[in-house]
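# Residue-level structural notes
What follows is the residue order along each chain.
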Amino acid sequence: MTWTVTGAAGMLGQDLVAAARAQGHEVVAVDRDELDITDAAAVMDMLGEPGSSDVVINVAAWTQVDSAEEREPMAFTLNAVGPQNLAAACARSGARLVQISTDYVFPGDGAEPYGENDLLAPLGAYGRTKAAGEWAVRSSGADWLIVRTAWLYGEHGTPFPKTMGRLLRERGHVDVVTDQVGQPTWTVDLTDLILRLLAANAPSGAYHGTSSGQCSWYEFTRAIAVSLGLDPEDTVGRTTAAAFKRPAPRPAYSVLGHDALAAIGVAPIGDWRERWEAAAPAIVGETA
Ligand SMILES: NC(=O)c1ccc[n+]([C@@H]2O[C@H](COP(=O)([O-])OP(=O)(O)OC[C@H]3O[C@@H](n4cnc5c(N)ncnc54)[C@H](OP(=O)(O)O)[C@@H]3O)[C@@H](O)[C@H]2O)c1
């Protein structure tokens, strides 16, 4: 079985490639220089022939939420046309396509965890482009899985906990929003879930690849402070999204349900706090 991972040099991609190879899979890891997924001819050339790859996992994306507001056409090309190109190639070759998506496809105004088949109604440009990518994959005729994740952190990037860890060390105090709620998710756990979905030959559909439970950014930052050996009472203050304006709107309630995993007997990722405690040494270094 040959697997191809596109966007392989990114935060999730690096962990995914390493874990798949550690399981003995033959993995072709390509990033923009080796395969630009927006180049339809190049994608078809590399992946369109039967036998060229058994599984294609697309981790390439425009992930800068704020800059997508001003550069939506470019974000659309990467997040929607790119998956469309890959899906067309997979439909021709017979490869299984795994498309990584996001909580930002939902409006975030709910009070119950979003279901896998709830209405997509993104608030901003990034979510619109990712939702379009989902539909391109769904309507392609390929054998597809969509795995939505959120609040992702990993060793090979500069995710929220690394930034907060740096600010806590440099300034000794940060104010963090209390009114946005989600599920911090470790790339290592998401990688493991993707591998388990493929091993289980999961039926084509959407699945949620997020930690269980939920917290606010404020609560997550308190957990980060504890991991750094700091007292969260002294170091983490409260603020609101309204006081901390950013160019792109953020969903207030970004909690995803895991019913589709339960339905096929695949265990969801564990509770966000327990998983953060396991991840912290790799993400923020020294721990308490
Ligand atoms: N990070 C999060 O909090 C989060 C939350 C929800 C969902 N997600 C989703 O999770 C997935 C992985 O996210 P991530 O944070 O690991 O992303 P990332 O670190 O930004 O990695 C994306 C990779 O795609 C590459 N790329 C850019 N344009 C490309 C092109 N035209 N062709 C091929 N590759 C290209 C990037 O290369 P360059 O560096 O050269 O641009 C980068 O290596 C994405 O689908 C994202 O939407 C992420």
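Nothing here was measured: the structure is a model prediction, and the numbers come from that model.

Around the ligand, the structure places 24 residues, and the nearest of them are L12, R32, D36, Y126 and K130. Between I37 and the ligand, the recorded distance is 3.1 Å, taken from a backbone N or O atom to a nitrogen atom. Within the contact set of the ligand, an oxygen atom lies 3.2 Å away from a backbone nitrogen or oxygen of L152. Burial of the ligand by the protein chains amounts to 79% of its free accessible area of 920 Å². Of all the secondary structure elements, the ones that give two or more residues to the shell around the ligand are α1 (11-22), β4 (96-102) and α5 (125-138). For the shell around the ligand, the element with the highest residue contribution is β4, accounting for three residues. Residue composition of the shell around the ligand, grouped by class: 13 nonpolar, seven polar and four charged.

So, about the pattern of salt bridges. For the coordinates displayed, the defined rule picks out ten salt bridges. Where D143 meets R96, a salt bridge forms, and the shortest distance between an N and an O atom there is 2.9 Å. With D143 in strand β5 (residues 143-149) and R96 in strand β4, the pair connects residues that are 47 residues apart, well separated along the chain. Across the pair E170 and R166 runs a salt bridge whose closest N-O atoms are separated by 3.3 Å.

Right, let's get into the packing of helix α2 (residues 40-47) against helix α4 (residues 72-93). Contact geometry of α2 with α4 gives a least axis separation of 9 Å together with a crossing angle of 30 degrees. Here α4 runs roughly parallel to α2, going by the angle between their axes. As α2 packs across α4, the resulting crossing turns out to be right-handed. Packed against α2, whose contacting residues are A40, V43, M44 and L47, the element α4 presents N85, L86, A88, A89, R92 and S93 at the interface. Residue classes in the contact of α2 with α4 are distributed as seven nonpolar, two polar and one charged.

Rules used throughout
Residues numbered from 1 in each chain as written. Predicted model: local features only at pLDDT ≥ 70, side-chain atom pairs only at ≥ 80, totals over all residues. Heavy atoms only, no water. Near = heavy atom within 4 Å. Polar contact = N/O pair within 3.5 Å; in protein donor to acceptor, adjacent residues only side chain to side chain. Areas by Shrake-Rupley, 256 points an atom, 1.4 Å probe, with all protein chains shown as cover. Helix = DSSP H or I, 4+ residues; strand = E, 2+ residues; numbered from the N terminus. Nonpolar A, V, L, I, M, F, W, Y, C, P; charged D, E, K, R; others polar. Salt bridge = Lys/Arg side-chain N within 4 Å of Asp/Glu carboxyl O. Axes fitted to C-alpha atoms, helices over the stretch in contact; angles between N-to-C directions. Parallel < 35°, antiparallel > 145°, perpendicular 65-115°, else oblique. Left-handed = near helix turned anticlockwise from the far one by under 90°. Contact = heavy atoms within 4.5 Å.

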